[in-house]
Amino acid sequence: MHPILFHLGPITVHSYGVLLIIGFLIGLWRAMRVCARRMIAEPVGSPRRIHPDTVFDLGITGLIFGLIGARFLFVVLEWSSYSKHPIDAFKVWEGGLSLHGGMLFGILYLIFFCRWKKVSLYALGDLCAVSWAIAYAVGRIGCLLNGCCYGAPTDLPWGVRFPDEQHPGSMTLPSHPTQIYATLFNLFFFFVLIQWERRSRRDGELFYAYIGMYGVYRFIVDIFRAGATSTYIPGTHLTDTYLVSFAMLIISLTGIALLRRHRPAVKDAP
């Protein structure tokens, strides 16, 4: 593990935060690049004709709200650990984000932003979905370097020993590097969404598709995290992530079905 990259005088630069920012910048660059191309190719009045500055504004402010949501939900779920030292809830650079919370707050802010700026929610949501996938893939490498969000013990040859969250100062048994699983899943989603983006589709399909993809990925990965850095609901063999991920899949399938029933298919201008 390499949680600290380097020091700049009294300032400690954490790998977790650096990888989050790198992932964010890659996703933002990608979305702005697509917008710049569409400003030339798409006719005036097209919902896809979104100015790159609009995406930049959404990205900067949305990052803040997403981080607040991700940290807020994580602290709520882990309140037993923070109740004795509430100030630790603000130490985001030490890790501890619930990406379900980040996605929820991010979507709520996206809805508000689109109403405020009078921009198509689905057209902008599609851009965000593709960018989120690549940003998330990079950001999870930060989790690996930080040594958090690991999985349960495994006998597989790629098992990794992490600093044990339950027993500070000791190391875990060889465990599933679920951070790498997350990166691989989301890289795959990124390339699927890129191909989907080039085909005839309804605005909003990518937005709903990634919600479902994320739900499937988290459900699968939580199987390997359960009992380690993901806890079961008392009296059940389910984690809270299982339930949320299942709900996300239902929302995704329902949303795509409704779009295909009520909206005509369109395709980006060449």
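These figures come from a predicted structure and were not determined experimentally. Each chain has its residues counted from 1, following the order in which its sequence is written. Where local features are concerned, this predicted model is filtered to residues with pLDDT of at least 70; where side-chain atom pairs are given and counted, the filter is 80 or more; whole-chain, interface and lining totals use all residues. Water and hydrogen atoms were dropped before computing side-chain values, which therefore reflect all heavy atoms in the structure.

Regarding the nonpolar core
Looking at soluble globular proteins, one finds that nonpolar side chains tend to be buried together.
No. 1: Only buried residues count toward a nonpolar core. Its members are Ala, Val, Leu, Ile, Met, Phe, Trp, Tyr and Cys residues joined through side-chain atoms within 4.5 Å. Only protein chains enter the accessibility calculation, which uses a 1.4 Å probe; a residue whose area is less than 20% of its type maximum is buried, one above 50% is exposed, and one in between is partly exposed. Judged by nonpolar contacts, the single largest core of 50 residues is most densely connected at Ile 50, Val 55, Leu 124, Leu 193, Tyr 210 and Tyr 214.
No. 2: When contributions to this core are tallied by element, the ones reaching two or more residues are helix 1 (15-41), helix 2 (52-77), helix 4 (99-117), helix 5 (121-146), helix 6 (178-197), helix 7 (205-225) and helix 8 (240-262).
No. 3: For this analysis, residues touch if any pair of their heavy atoms sits within 4.5 Å. Leave out the neighbours within four places in its chain, and Leu 193 touches Ala 129, Val 130, Ala 133, Leu 206, Ala 209, Tyr 210 and Met 213. Here a helix means four or more residues in a row that DSSP labels H or I, a strand means two or more in a row labelled E, and each is numbered from the N terminus.

Details of the layout of surface pockets
With a probe scaled to a water molecule rolled over the atoms, the places where space remains empty come into view.
No. 1: Whether a set of points on the 1 Å grid over the protein atoms alone is a cavity depends on a 1.4 Å probe fitting there but being unable to get out, while an open set qualifies as a pocket with protein on both sides within 12 Å along at least five of seven lines; lining residues are those with an atom within 4 Å of a point. Grid points are joined across faces, edges and corners, and a volume is the space filled by probe spheres set on the points. Of the pockets and cavities examined, the largest pocket occupies roughly 1,300 Å³.
No. 2: If you trace the largest pocket, you find 46 residues lining it, with Phe 74, Glu 78, Gly 96, Leu 97 and Thr 229 closest to the centre.
No. 3: At the level of elements, helix 2, helix 3 (79-82), helix 4, helix 5, helix 7 and helix 8 are the ones that each hand at least two residues to the lining of the largest pocket.
No. 4: No other element matches helix 8, which puts six residues into the lining of the largest pocket.

Side note on the pattern of salt bridges
No. 1: In the sections that follow, a salt bridge refers to a side-chain nitrogen of Lys or Arg positioned within 4 Å of a carboxyl oxygen of Asp or Glu. For the coordinates displayed, the defined rule picks out 11 salt bridges.
No. 2: Note that Arg 38 is salt-bridged to Asp 268, the shortest N-O span being 2.9 Å. A residue pair is termed long-range when its members are at least 10 positions apart, and Arg 38 in helix 1 and Asp 268 in the segment after helix 8 qualify at 230 residues. Here Arg 38 matches Asp 268 in class, with each residue buried.

Let's talk about the side chain of Ser 15
No. 1: With respect to the helices and strands, the residue Ser 15 is situated in helix 1.
No. 2: The exposure class of Ser 15 is buried, given its relative accessible area of 0%.
No. 3: If near-sequence neighbours (up to four positions away) are discounted, Ser 15 is found in contact with His 2, Pro 3, Ile 4, Leu 5, Gly 142, Leu 145 and Asn 146.

Focus: the pairing of strand 2 (residues 11-14)
The two faces of the sheet receive side chains in turn, since in a regular strand these alternate between them.
No. 1: At least two DSSP bridges between two strands are needed for those strands to be called paired. The pairing of strand 1 (residues 4-8) with strand 2 spans four bridges and is antiparallel. Residue pairing in the sheet places Ile 4 in a bridge with His 14 of strand 2.
No. 2: Connecting the antiparallel pair strand 1 and strand 2 is a turn made up of two residues, with Gly 9 showing a positive phi of about 65°.

Observations regarding the packing of aromatic side chains
No. 1: Two rings from Phe, Tyr or Trp (for Trp, the six-membered ring) form a pair when their centres are within 6.5 Å of each other. A pair whose planes differ by under 30 degrees is stacked, one over 60 is edge-to-face, and the rest are tilted. Under the defined criterion, the tally for this structure stands at 22 aromatic pairs.
No. 2: Look at Phe 113 and Trp 116: their rings are 6.1 Å apart centre to centre, the planes differ by 90°, and that puts the pair in the edge-to-face class. Residue Phe 113 and its partner Trp 116 are located together in helix 4, separated by three residues, close to a single helical turn.
No. 3: Members of the aromatic cluster, joined through ring pairs, are Tyr 136, Phe 185, Phe 188, Phe 189, Tyr 210, Tyr 214 and Tyr 217.
No. 4: Geometrically, a lysine NZ or arginine CZ counts as sitting over a ring once it is within 6 Å of the ring centre and also within 35 degrees of the ring normal. A cation over an aromatic ring shows up here: Lys 117 above the ring of Trp 116, its NZ or CZ 4.4 Å from the ring centre.

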